[in-house]
Amino acid sequence: MTSVRSMSKTILVTGALGQIGSELVPALRERYGKDAVIASDLRMLPMGASAGNGPFEHLDCTRIRPLQDILSRYQVGIIYHLAALLSAVAEDRPQVAWHLNMDGLYQVLEAARQNHCAVFFPSSIGAFGPTTPRDHAPQDTVQRPTTMYGVTKVAAEMLCDYYFRRFAVDARGLRLPGLISHVAPAGGGTTDYAVEIFYQAIRYRHYTCFLRPDTRLEMMYMPDAVRAIIELMEADSTRLVHRNAFNITAMNFTPDELAQEIRKHIPDFVIAYEVDPIRQTIADSWPRTIDDGAARDEWGWTPRYTLETMTGNMLDKLRHRLRPAM
Ligand code: NAD
Ligand code: SER
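Everything numeric here is computed off the predicted structure, so don't read it as measured data.

Criteria and cut-off values
Residues numbered from 1 in each chain as written. Chains lettered and ligands numbered in written order. Predicted model: local features only at pLDDT ≥ 70, side-chain atom pairs only at ≥ 80, totals over all residues. Heavy atoms only, no water. Axes fitted to C-alpha atoms, helices over the stretch in contact; angles between N-to-C directions. Helix = DSSP H or I, 4+ residues; strand = E, 2+ residues; numbered from the N terminus. Parallel < 35°, antiparallel > 145°, perpendicular 65-115°, else oblique. Left-handed = near helix turned anticlockwise from the far one by under 90°. Contact = heavy atoms within 4.5 Å. Nonpolar A, V, L, I, M, F, W, Y, C, P; charged D, E, K, R; others polar. Expected span 1.5 Å × (residues − 1). Buried < 20%, exposed > 50% of the residue type's maximum accessible area, 1.4 Å probe, protein only. Phe/Tyr/Trp six-rings, centres within 6.5 Å; stacked < 30°, edge-to-face > 60°. Core = buried A, V, L, I, M, F, W, Y, C linked by side-chain atoms within 4.5 Å. Pairing = 2+ DSSP bridges. Near = heavy atom within 4 Å. Polar contact = N/O pair within 3.5 Å; in protein donor to acceptor, adjacent residues only side chain to side chain. Areas by Shrake-Rupley, 256 points an atom, 1.4 Å probe, with all protein chains shown as cover.

Asks: Whenever I open this one, the packing of helix α8 (residues 255–263) against helix α11 (residues 307–319) confuses me. Can you help?
Replies: To characterise two packed helices, one gives the angle between the axes of the helices and the distance between these axes. Put simply, α8 and α11 touch, their axes get as near as 10 Å, and they point 55° apart. When the axes of α8 and α11 are compared, the pair comes out oblique. Handedness of the crossing formed by α8 with α11: right-handed. Seen from α8, the contacting residues are Glu257, Leu258, Glu261 and Ile262; seen from α11, they are Leu307, Glu308, Met310 and Thr311. In terms of residue class, the contact of α8 with α11 is made up of four nonpolar, one polar and three charged.

Asks: Which parts of the structure should I look at to understand helix α7 (residues 222–234)?
Replies: Owing to its 3.6 residues per turn, the α-helix brings residues three or four apart onto one side. Taking 1.5 Å per residue, 13 residues should reach 18 Å; α7 reaches 18 Å between its end C-alpha atoms and fits that length. Within α7, the full set of buried residues consists of Met222, Asp224, Ala225, Val226, Arg227, Ala228, Ile229, Ile230, Leu232, Met233 and Glu234.

Asks: Looking at this model, I keep getting lost on the packing of aromatic side chains. Mind explaining?
Replies: Aromatic rings considered in pairs are described by the distance between their centres and by the relative angle of their planes. Overall, the coordinates contain eight aromatic pairs when judged by the stated rule. A centroid spacing of 6.4 Å and a plane angle of 85° characterise the contact between Tyr193 and Phe210, whose relative ring orientation is edge-to-face. Of this pair, Tyr193 sits in helix α6 (residues 193–204) while Phe210 sits in the loop between β8 (206–209) and β9 (217–221), placing them 17 residues apart in sequence. By relative accessible area, which is 0% here, Tyr193 ends up buried. Note on Phe210: relative accessible area 5%, which makes it buried. Here the aromatic rings of Phe246 and Trp299 are separated by 5.8 Å at their centres, their planes lie at 75°, and the arrangement is edge-to-face. Taken together, the residues Phe246 in strand β10 (residues 246–247) and Trp299 in helix α10 (residues 293–299) connect sequence positions 53 residues apart. Each of the two residues, Phe246 as well as Trp299, counts as buried.

Asks: Got a minute to help me understand the nonpolar core in this structure?
Replies: Side chains of a nonpolar character, in soluble globular proteins, are inclined to be buried together. One finds Ile180, Tyr193, Phe198, Phe253, Leu258, Phe269 and Met310 to be the most contacted residues of the largest nonpolar core, which totals 45 residues. With eight residues, the top contributor of residues to this core is α6. Sequence-distant contacts of Met310, that is, excluding residues within four places in its chain, are made with Ile180, Phe198, Tyr221, Met251, Phe253, Leu258 and Tyr305.

Asks: Even after reading the chapter, I still don't get the sheet that holds strand β3 (residues 56–58), so can you show me in this structure?
Replies: The seven strands are arranged β3-β2-β1-β4-β5-β6-β10 in an open sheet whose pairing can be described as parallel. With partners counted over all chains shown, the strands left at the sheet margins are β3 and β10, one partner each. Both strand β5 (residues 118–124) and strand β6 (residues 171–176) contribute to a ladder of six bridges, which runs parallel. Note on β6: the bridge partner recorded for Pro122 is Leu174. Here helix α1 (residues 21–32) sits on the sheet in contact with β1 (10–14), β2 (37–41) and β4 (76–81), set at roughly 165° to β2. Relative to β5, helix α5 (residues 148–167) is tilted by about 150°, and along the sheet it contacts β5 and β6.

Asks: Help me understand the site of ligand 1 in this model?
Replies: In the region of ligand 1, 26 residues are neighbours, and Gln19, Ile20, Asp41, Arg43 and Tyr149 sit closest. At 3.0 Å from a nitrogen atom of ligand 1 is found a main-chain nitrogen or oxygen belonging to Cys61. The contact in question runs from an oxygen atom of ligand 1 to an N or O atom on the backbone of Leu179, over 3.0 Å. Summarising the interface, the protein chains cover 91% of the accessible area of ligand 1, which totals 840 Å² for the free molecule. Those elements that provide at least two residues to the shell around ligand 1 are β5, α5 and β7 (178–180). Considering every element that reaches the shell around ligand 1, the biggest residue donor is β5, with three residues. For the shell around ligand 1, the residue count by class is 15 nonpolar, seven polar and four charged.

Asks: How should the site of ligand 2 be read in this particular structure?
Replies: Neighbouring ligand 2 are the residues Leu86, Ser87, Ser124, Tyr149, Gly178, Gly189, Thr190, Thr191 and Trp286. At a separation of 2.7 Å, an oxygen atom of ligand 2 approaches a polar side-chain atom of Ser87. Within the contact set of ligand 2, an oxygen atom lies 2.5 Å away from a side-chain nitrogen or oxygen of Ser124. Taken by itself ligand 2 offers 230 Å² of open surface, and the protein chains cover 94% of this.

Asks: Before we go on, may I ask you to explain the sheet that holds strand β11 (residues 251–253) in this structure?
Replies: Strand order in the open sheet formed by three strands is β7-β9-β11, with mixed pairing between adjacent strands. If you trace the sheet from one side to the other, it starts and ends with β7 and β11, each paired once. Taken over all neighbouring pairs, the strand axes of this sheet differ in orientation by 45° on average, direction set aside.

What follows is the structure in C-alpha cells.
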C-alpha cells in the first residue's frame, strides 16, 4: 500500500479554495513542491489571484469525466477530497448536501479505484449524534446523527471503509472538530462562531454569538489540522488499525470560555448571545468531548495548540490585517 512519502505522483485537492484548502494546499506545496499539488474548486480563483503558486483547475467533483481527465493528465496519485457542504448550510439545503457530500465522494472513490489513487476524506464530530456518549465519545461508538451533514459523514466513513476492503483504495480520514483559522472564512458550520468572534473582537470589541454561552465543543487550530492530515497520509499503513475516521481533537471550550480568553488580550471585549435554534440544536446533538486515543496510538497524533496559544496567535495574525472600526 502506498503512502504519500513513497509516491512520485501528484496530488489533487478538491474544494481547495475553502477554509481547510486555503492552508492545506500551501502546506502540501511547501512539502512536495508547487507543481506536485493541483488545487481545484467549483469556484474560480478570485479576481486578481494568480495560479502562479501552482496549478489550479476549475472542477465540479460530482462530475466524473472532468475528474478523470485531471487524474490522468496530471498523473495524480492521491486525492485530498475537501469539497462538501458544512453542517449549518447542509441543514438549510439537505438535498444539495446529499448530492455534493455523497455523489462527490462516490465519484472521487470510483475515480481513485480506476486510477490507483489514495484518498483523504475529512469526516467530522458531526458524524456523532445525541445517542453517542456526550463526554469522551469513543473511537468506536453509536453513530446516529440527526442532521443531514452527519448522515452524509457516517455514510461517507462507511463508503471509504468499503472501498478499502473491497477495492484496496487507500482511503484514510479524520473526524475533525471545529477548525479555527485566519486565512479563509469558515464555510457555514455550527462551530463558525469560534472564527467570527476573533474578527469582530478586533474590529468592534463586540460579538453576538449564535450558540448558548455554555455550549462545549471540540476545536482545533488550523496549523494542527493541516499537520494531522499530512501525518495521517504519511503514516505507516501497517500501524493503522482504523485507517479511516480517526477521532482527533486539540482543545474544547464554550463561547463563554473563549470570550474570557480573548478578554485577556482585549479587556473591553463584550460578548452577547442571540441563539440560533437550528445551529444550537445541531451543537446539542454533538459530543462535548471526544477520545482521540486511537489516533495517538496508531500514528502518533499530538496537538500543539491550546486555547491560550491559539487565541494569542489568532489575534496576532488578524491584527496585522484588520483595523479596529472607529
Ligand atoms: P469550505 O466550505 O470552507 O470549503 C468547501 C469548498 O468546496 C468551497 O471552496 C467550495 O467552493 C467547494 N465546492 C463546493 N461544491 C463543490 C463541487 N461540486 N466541486 C468542487 N468544489 C466544490 O469547507 P472546509 O471548512 O474547507 O471543509 C472541508 C471539508 O472538511 C468538508 O468535508 C468538511 O465537512 C470537513 N470538515 C471541516 C471542518 C471545519 O471546521 N472547517 C470540521 C470538520 C470537517
Ligand atoms: N466545523 C464543522 C461544522 O460546524 C464541523 O464539522 O460543520
